[in-house]
Amino acid sequence: MKKSPKILVESKTKNELYELMEELYPICRSITGNGVRKTLNILKKKIPLKITEVTTGTKVFDWKIPLEWNIKDAYVKNLQGKRIIDFKKSNIHLLNYSVPINKKITQKELKLHLHTLPDKPNSIPYVTSYYKKNWGFSVAHNQLESFNDDYYDVKIDSSLKPGSLTYGEFLKKGKISDEILISTYVCHPSLCNDNLSGVVVSTMLANILSKIDTYFSYRFIFVPETIGTITWLSKNQKNLSKIEGGLVITCVGDNGNFTYKKTKYGNSTIDKIVNDIFKQSKRKTKTKDFFPYGSDERQFCSPGINLDVGVFMRTPYYEFKEYHTADDNLKFVSKTALKDSLSMLLKIISAIEITKDIKQHSKIKKINRKKSDIYLNLKPKCEPQLGKRNLYRNISKSRLVGKGNSQDLIEISILWILNYSDGNYSLNDISKISGLPIKLLKHSSQLLLKKSLLKKLN
Ligand code: ZN
């Protein structure tokens, strides 16, 4: 491999990354609403973002843009009138997308709406319910027993109305119009590693690239996870052939080692480049094979989109104990780690710049194929909306890989089947790749057949 030109990160950038995170941290973001707008407007001070609004109800592949959610305040008061759960202290306390409520309720009813993590009793979980109308609060499990009043005042001053979904985009034009895609998500409220770290590192990366000449064009997208990415992909279908490869940037602010999650087939040029850079660094790094859950790589690598997009992280999502809890705060991330992540990304970009020929599309791995039980995904462009078909949980809490219950396993197997059912893989092949039992895959494929999401080919 040729030596890449060095693009250096100035020392003041270290403070800039962290200060930007401090500014973004208090904002309550969600998949729609003013939190995302405010966030993107702050990023505009560093890069000339183009902001797009997509109206509620717009069809984006199998999904529709939901009602826009905004929040002013939320609390639970005890009989003495004291706020014992207070959104103003931490927005993680509120079930994200909660509908408005203002009433006195019994202890029993309140407890039906409280979310905790029994296996992390001191942590407040980040919980969402975007597609099913609900309200709720998150508290530390240890706090539950202190709720012993008979009645509580509950108020959630939110609104859920027709509006729009907002995303930001920045194109740094290069010598050629072929693009490298850098994607990060802007929908999480006050959580730092997941994913303000990805937001600030991507912003500063865009800022640095905007000042130099590049061979490739670089497209940065700042989108709400899942629905925002699906929206962006559906609105840019015509231009996707320009994308030669890309990275999702997430969880890059903790002190863990670098991790790279490969593109679907694991043999794309972008995979090779990241691997080479990791080797050259002589540091302890990790690569993971693709799996069809996690972040937005699941959309980019869906069978009908098929872009070579990998994931650049430090400790992967799901794997750090602070993940999706209020403990993923400003203390959990470090300035040094943020700057180090930015430097590593610049090394990867330098290598992309000198490789030039990125577009050798990854090849399907040859495996021993049993020619039966082959299905075709009938909604291959991104993930179909499984929630509306009762195939996915309505309340989203952190998932512990390996410790999943049977519902988790069904959801995961559904994602594997949908991602790999492009006519090339049988259920047996999917079982080999995923490590999931064939019996489970057969059961889940029946569910998908019933919902007309699959067709049997063989
Ligand atoms: Zn997350």
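What counts as what
Residues numbered from 1 in each chain as written. Predicted model: local features only at pLDDT ≥ 70, side-chain atom pairs only at ≥ 80, totals over all residues. Heavy atoms only, no water. Donors = N, O, S within 2.8 Å, 3.2 Å for Na, K, Ca; no water. Buried < 20%, exposed > 50% of the residue type's maximum accessible area, 1.4 Å probe, protein only. Domains from an automatic or database assignment. Contact = heavy atoms within 4.5 Å. Buried area = accessible area lost by both parts, 1.4 Å probe. Salt bridge = Lys/Arg side-chain N within 4 Å of Asp/Glu carboxyl O. Polar contact = N/O pair within 3.5 Å; in protein donor to acceptor, adjacent residues only side chain to side chain. Nonpolar A, V, L, I, M, F, W, Y, C, P; charged D, E, K, R; others polar. Pairing = 2+ DSSP bridges. Helix = DSSP H or I, 4+ residues; strand = E, 2+ residues; numbered from the N terminus. Axes fitted to C-alpha atoms, helices over the stretch in contact; angles between N-to-C directions.

Asker: Pulling in residues and values, what's your account of the coordination of the zinc ion?
Answerer: Around the zinc ion, the donor atoms from the protein are His-188 (NE2), Asp-194 (OD) and His-324 (NE2), and they sit 2.1 Å away. Here the donor residues for the zinc ion map to a single chain with the spacing H-x5-D-x129-H. Residue His-188 is classed as buried on the basis of its relative accessible area of 5%. Look at Asp-194 and you get buried, because its relative accessible area is 1%.

Asker: Would you mind going over the domain arrangement of the protein chain in detail, with residue names and values included?
Answerer: Split into domains, the protein chain comes out as domain 1 (5–65 + 165–355), domain 2 (69–161) and domain 3 (374–456). When each unit is reduced to the centre of its C-alpha atoms, the spacing between domain 1 and domain 2 is 31 Å. Every contact between the two is made by 23 residues of domain 1 and, on the other side, 18 residues of domain 2. For the pairing of domain 1 and domain 2, the buried interface totals around 1500 Å² over both sides, and the portion due to carbon and sulfur atoms is 54%. Inspection of the region where domain 1 meets domain 2 yields 0 salt bridges. Taken together, the links from domain 1 to domain 2 amount to 10 residue pairs in polar contact (both at pLDDT 80 or more). The residue inventory of the side of domain 1 that touches domain 2, partitioned by class, reads 11 nonpolar, 9 polar and 3 charged.

Asker: Explain the sheet that holds strand 17 (residues 374–377) residue by residue, including any values.
Answerer: With respect to topology, 3 strands assemble into an open sheet ordered 18-17-19, the strand pairing being antiparallel. Single-partner strands in this sheet number two, and they are strand 18 (422–426) and strand 19 (454–456). Going across the sheet, the axis of each strand differs from the next one's by a mean of 35°, ignoring polarity. For strand 17 and strand 18, the ladder comprises 2 bridges, and the chain directions are antiparallel. From the neighbouring strand, Ile-374 faces strand 18, where its bridge partner is Ser-426. Taken strand by strand, helix 10 (residues 427–434) contacts strand 17 and strand 18, and its axis lies near 70° from that of strand 18. Along the sheet, helix 11 (residues 438–450) makes contact with strand 17 and strand 19, crossing strand 19 at roughly 110°.

Asker: How would you sum up unusual backbone geometry? Please name residues and give values.
Answerer: The phi torsion of most residues other than glycine is negative, and most of the peptide bonds are trans. Note that the residue after Asp-194, namely Asn-195, is joined by a cis bond; omega there is 10°. Relative to the helices and strands, Asn-195 resides in helix 4 (residues 192–209). The phi angle at Asp-373 is positive, at roughly 55°, despite the residue not being glycine.

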